[in-house]
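What follows is the residue order along each chain.
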Amino acid sequence: MNDDPTILLTPPGRELLSRLAAAGAGQAGESASLALAERLRREYPAALVAAAMSQRELRRAAQAKFSRAADMLFTRAGYEQSSGEAIARYRAGRLGHAARIADLCCGIGGDLIALAGASDVLAVDRDEAHAKLARYNAAVYGRADRVRAVAADVRDVGLAGVDAVFIDPARRAGPGTASAPQARRYRAGTSEPPLDWCVARAGTVPAVCVKAAPGIPEGLVPHAWEAEFIAESRDLKEAVLWSPSLVTAPAAPGRGPRRATVIVPAGAGGATGSHTLVARAGDPVPLREPGEYLLDPNPAVTRAGLVEDLARQLGDDTAKIDPQIAFLTLDRDARTPFARTLRVEYSAPWHEKAFARRLRELDIGAVDIRRRGLAGDVDQIRRRLKLSGANRATVVITRVSDRPWGLICTA
Ligand SMILES: C[S@@+](CC[C@H](N)C(=O)[O-])C[C@H]1O[C@@H](n2cnc3c(N)ncnc32)[C@H](O)[C@@H]1O
């Protein structure tokens, strides 16, 4: 059970929170915080001061996820497990046609806030504090009238009349983690409730969406369900499983429907919004040595197995550099939300001394080394390169048609 921060909703609790908010950024730093807590403990009960101090810290951290974090309430576990606003809004958009949704395992309400933007939502969590906070946080966004929050085990809740279920189970270390293969651990329950239970809801509810870890083994994606891999910028966040009635992606050859989605939050650079990629029929993508540009696909694209589909989308002048390696190449400056584009300054079979010389000639003193498909310690390589110079570059060490290959690139 998590500590219940709703003691902060009492009049002294609210007063304390607003005093702390007023103390604001000027009080940053551990010793300033300790001194502040010391002063406040002379006026308020120690437990209330402790709850308020930890809430202040959680609210600060949560600003990265929620635009109204300063008014919300969190438990630490609830904050850490919560979905951020941008990704939750995107997922809720795919469920927006459902009039009544059940948010099973609602936590502190990260997803609930977004789901209640367009639907009535039954929110369920067996942690009483979370059920309370989910409703409270929905109210912060002016959406409480669309929410009924219940503290219960999700297995005990009737779902009659519900059009769609969203489940974000708690993740936990699976039993026998060292010995059990990944797929068996998942089945046995690396999540609570286990994945099998979540998927089985599709037997009684018309539409089911399950949030899962991005490393979910391919074999556990249920037949005819869509697996969508979602990244925020280049940070791969999750796999989302959509039951057959919610599938909108075509089947990828030899697998089921797959989708890669990249969400670019406001202020992250690039075109803000969501960009989504699905399988694209066509000829196999050709192989060739790196040309003028190298494209490093977003991890969501790689994880969804859609690298060749991205190449087809970019045009038939796009090639792979190796059958197994997820870099693409072409001779024009192609920009896509699904990959980072690098300009190739030098490309040759990898010989460390030759590359060290070339880097000196190019006056490159700082490098970001990316190694893919080859062994070797990046820090040791960096030391041996003995860099000095005014310019920056990315050094890619990889394989080209199975030969060790190096590239010096700029953004
Ligand atoms: C990953 S968190 C949910 C986060 C939420 N989607 C958000 O964005 O804030 C999982 C939640 O599932 C709850 N939970 C785990 N097993 C449960 C069960 N059997 N019944 C009800 N709630 C459960 C935990 O208490 C936890 O709050």
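Here's what I pulled together on the structure shown here. Going along each chain's sequence as written, the residues are numbered from 1 onward. In keeping with the model being predicted, local features are shown solely for residues with a pLDDT of at least 70 and side-chain atom pairs are shown and tallied solely at 80 or more, while totals for entire chains, interfaces and linings include all residues.

Helices and strands together make up the secondary structure of the protein chain, namely 13 helices and 18 strands. With respect to the principal axes defined by its C-alpha atoms, the protein chain has extents near 70 × 55 × 45 Å. Three exposure classes are used, based on other C-beta atoms lying within 10 Å of a residue's own C-beta, which is placed from the backbone: buried for 20 or more, exposed for 12 or fewer, and partly exposed in between. Going through the 411 residues of the protein chain one by one, you find that 39% of them count as buried. Contacts spanning at least 24 positions in sequence make up 66% of the contacts within the protein chain whose residues lie at least 6 apart. Helix numbers and strand numbers start at the N terminus; a helix is a DSSP run of H or I with at least 4 residues, a strand a run of E with at least 2. Each residue is represented by a C-beta atom placed from its backbone, and any two residues with such atoms within 7 Å are regarded as in contact.

As a further point, take the site of the ligand. Any residue whose backbone-placed C-beta atom lies within 6 Å of a molecule or strand is treated as near that molecule or strand. In the vicinity of the ligand lie 22 residues, with Ser82, Cys105, Gly107, Gly110 and Asp168 positioned nearest. Mapped by element, the contributors of at least two residues to the shell around the ligand are α4 (76-81), α6 (110-115) and β2 (120-125). Under this grouping Gly is polar, as are all residues other than the nonpolar Ala, Val, Leu, Ile, Met, Phe, Trp, Tyr, Cys and Pro and the charged Asp, Glu, Lys and Arg. Residues of the shell around the ligand, tallied by class, amount to seven nonpolar, eight polar and seven charged.

It is worth spelling out the pairing of strand β1 (residues 100-104) at this point. Of all the five residues making up β1, four are buried; the element is thus mostly covered by neighbouring parts of the structure. Bridge analysis of β1 against β2 gives five bridges, and the strand direction is parallel. Across the sheet, the residue bridging to Asp103 is Ala123, located in β2. For the handedness criterion, the strands are oriented away from the viewer, and a crossover whose path from the first strand over the helix to the second runs clockwise is classed as right-handed. Handedness of the β-α-β unit built from β1, α6 and β2 comes out right-handed. Two strands make a pair as long as DSSP finds a minimum of two bridges between them.

With that settled, consider the pairing of β2. When you tally the buried positions in β2, you get five out of six residues, the bulk of the element. Strand direction decides the pairing type here: β2 and strand β3 (residues 147-151), joined by five bridges, are parallel. Paired with Val124 across the strands is Val150, a residue of β3. On the question of chirality, the crossover connecting β2 to the parallel β3 by way of helix α7 (residues 128-140) is right-handed.

So, on to helix α3 (residues 46-62). Its 17 residues give α3 an end-to-end C-alpha distance of 24 Å, which sits within 8% of 24 Å, the value for a rise of 1.5 Å per residue. Residues of α3 that are buried include every one of Leu48, Val49, Ala51, Ala52, Gln55, Arg56, Leu58, Arg59 and Ala62, and no others. In this structure, the buried residues of α3 make contact with α1 (11-23), α2 (30-41) and α4. To estimate how far a helix should extend, the number of its residues minus one is multiplied by 1.5 Å.

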